[in-house]
Amino acid sequence: MTRAFEGLAVALVLAVLVTGIAAAQPASSCCNAPGLAPAGPQGEPVFQDLPKSGKKCWIGEVNYFIWEFDKTPKMGTSILIIKLYDKDGKQVSDLAITGSSDMPSMRGAHDSGEVAFKTNKAGSYLLPVNVVMPGDWEVRLTFSRNGIVIFRGRITFDV
Ligand SMILES: [Cu+2]
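As the structure is a prediction and not an experimental result, all values here were calculated from the model.

**As for the overall build of the protein**
Here's step 1: Assigned secondary structure in the protein consists of one helix and eleven strands.
Here's step 2: For the protein, the N- to C-terminal ordering of α and β elements is α-β-β-β-β-β-β-β-β-β-β-β.
Here's step 3: In the protein, which comprises 159 residues, the proportion classed as buried is 34%.
Here's step 4: Taking the intrachain contacts of the protein between residues at least 6 apart in sequence as the baseline, contacts between residues at least 24 apart amount to 50%.
Here's step 5: For the protein, the accessible area works out to roughly 9,400 Å², and carbon and sulfur atoms hold 59% of it.

Take a look at the structure:
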């Protein structure tokens, strides 16, 4: 086999692998990615739309979580609460979660930056979200295990 031909063969195998991964992970699907955090065409992180408050969001097959606000978000500070569970339904807190809030329609104007959730005694994750203007809001969530991002999702709401 010539060197050029070997290179082509490797490229083909890689293309098949990448296509296979992409097919298994439709960008529109939520919470069933098998522990992978997909990236967009430029390598930018992709935040999957999360189901409604109170619904299970699976992270691969190992964990799921449920999100809710302490009260319906309005002007001022609301607390975003995430309860993380293992596959058997036992509440756990062994992942690191960060959140960043902003208004998608005026991206960057109220960007909170990436802030780590804190856990309370019960092991629930808490993040204050500061709503400073009526309109469309988004919180982007990043879940990591041992410093490696395993899931990204986004919550949207209107105030
Ligand atoms: Cu605004």
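Text resumes after the structure shown.
**Section: the nonpolar core**
Here's step 1: Formed by 26 residues in total, the largest nonpolar core has its most connected members in Phe65, Trp67, Leu80, Ile82, Leu141 and Phe143.
Here's step 2: For this core, the secondary-structure elements that each account for two or more residues are strand S2 (57-59), strand S3 (63-69), strand S4 (76-86), strand S9 (125-131), strand S10 (136-145) and strand S11 (148-158).

**Digging into the coordination of the copper ion**
Here's step 1: The protein atoms that coordinate the copper ion are Met103 (SD), Met106 (SD), His110 (NE2) and Met133 (SD), at distances spanning 2.1 to 2.4 Å.
Here's step 2: For the copper ion, the four donor atoms in the first shell make angles of 101 to 123 degrees at the metal, a pattern classed as tetrahedral.
Here's step 3: Read N to C, the donor residues that coordinate the copper ion are spaced as M-x2-M-x3-H-x22-M.
Here's step 4: Given a relative accessible area of 21%, histidine 110 falls into the partly exposed group.

**Some points on the pattern of salt bridges**
Here's step 1: Overall, the coordinates contain six salt bridges when judged by the stated rule.
Here's step 2: Its salt-bridge partner being aspartate 70, residue lysine 71 comes within 4.0 Å of it at the nearest N-O pair.
Here's step 3: Look at lysine 71 and you get partly exposed, because its relative accessible area is 33%.
Here's step 4: Taking the relative accessible area as the measure of exposure, aspartate 70 reaches 41% and is therefore partly exposed.

**As for the packing of aromatic side chains**
Here's step 1: Applying the stated rule across the entire model yields seven aromatic pairs.
Here's step 2: Judged by centre distance (4.9 Å) and plane angle (50 degrees), the ring pair of tryptophan 58 and tyrosine 64 falls under tilted.
Here's step 3: Given the relative accessible area of 29%, tryptophan 58 is considered partly exposed.
Here's step 4: Overall, tyrosine 64 belongs to the buried group, its relative accessible area being 8%.

**Some details on the side chain of threonine 142**
Here's step 1: Mapping threonine 142 onto the fold places it in strand S10.
Here's step 2: Residue class for threonine 142 comes out buried when judged on its relative accessible area of 8%.
Here's step 3: Residue contacts for threonine 142: discarding those within four places in its chain leaves Phe47, Ala96, Ile97, Thr98, Glu114, Val149, Phe151 and Arg152.

**Focus: the sheet that holds S10**
Within a sheet, adjacent strands bond to each other through the backbone by hydrogen bonds, running parallel or antiparallel.
Here's step 1: Strands sit in the order S1-S11-S10-S6-S7 across an open sheet of five strands; the sheet is mixed. Looking at the sheet topology across the chains shown, the edges are occupied by strand S1 (48-49) and strand S7 (115-116).
Here's step 2: As paired strands, S1 and S11 are joined by two bridges and run parallel to one another. In the strand pairing of S11, aspartate 49 is matched with arginine 154.

**Description of the pairing of S10**
Here's step 1: The buried fraction of S10 amounts to seven of the ten residues, a majority that puts the element mostly inside the structure.
Here's step 2: Where strand S6 (residues 96-102) meets S10, seven bridges bridge the pair, whose relative direction is antiparallel. Counterpart to serine 100 in the pairing with S10 is arginine 140.
Here's step 3: Pairing analysis gives ten bridges linking S10 to S11, with the strands arranged antiparallel. Note that in S11 the partner of tryptophan 137 across the bridge is phenylalanine 157.
Here's step 4: Between the antiparallel neighbours S10 and S11 lie two residues, among them asparagine 146 with a positive phi of about 50 degrees.

What counts, and where the lines are drawn
Residues numbered from 1 in each chain as written. Predicted model: local features only at pLDDT ≥ 70, side-chain atom pairs only at ≥ 80, totals over all residues. Heavy atoms only, no water. Helix = DSSP H or I, 4+ residues; strand = E, 2+ residues; numbered from the N terminus. Buried < 20%, exposed > 50% of the residue type's maximum accessible area, 1.4 Å probe, protein only. Contact = heavy atoms within 4.5 Å. Areas by Shrake-Rupley, 256 points an atom, 1.4 Å probe, with all protein chains shown as cover. Core = buried A, V, L, I, M, F, W, Y, C linked by side-chain atoms within 4.5 Å. Donors = N, O, S within 2.8 Å, 3.2 Å for Na, K, Ca; no water. Tetrahedral: all angles 85-135°; square planar, octahedral: opposite > 155°, others 65-115°. Salt bridge = Lys/Arg side-chain N within 4 Å of Asp/Glu carboxyl O. Phe/Tyr/Trp six-rings, centres within 6.5 Å; stacked < 30°, edge-to-face > 60°. Pairing = 2+ DSSP bridges.

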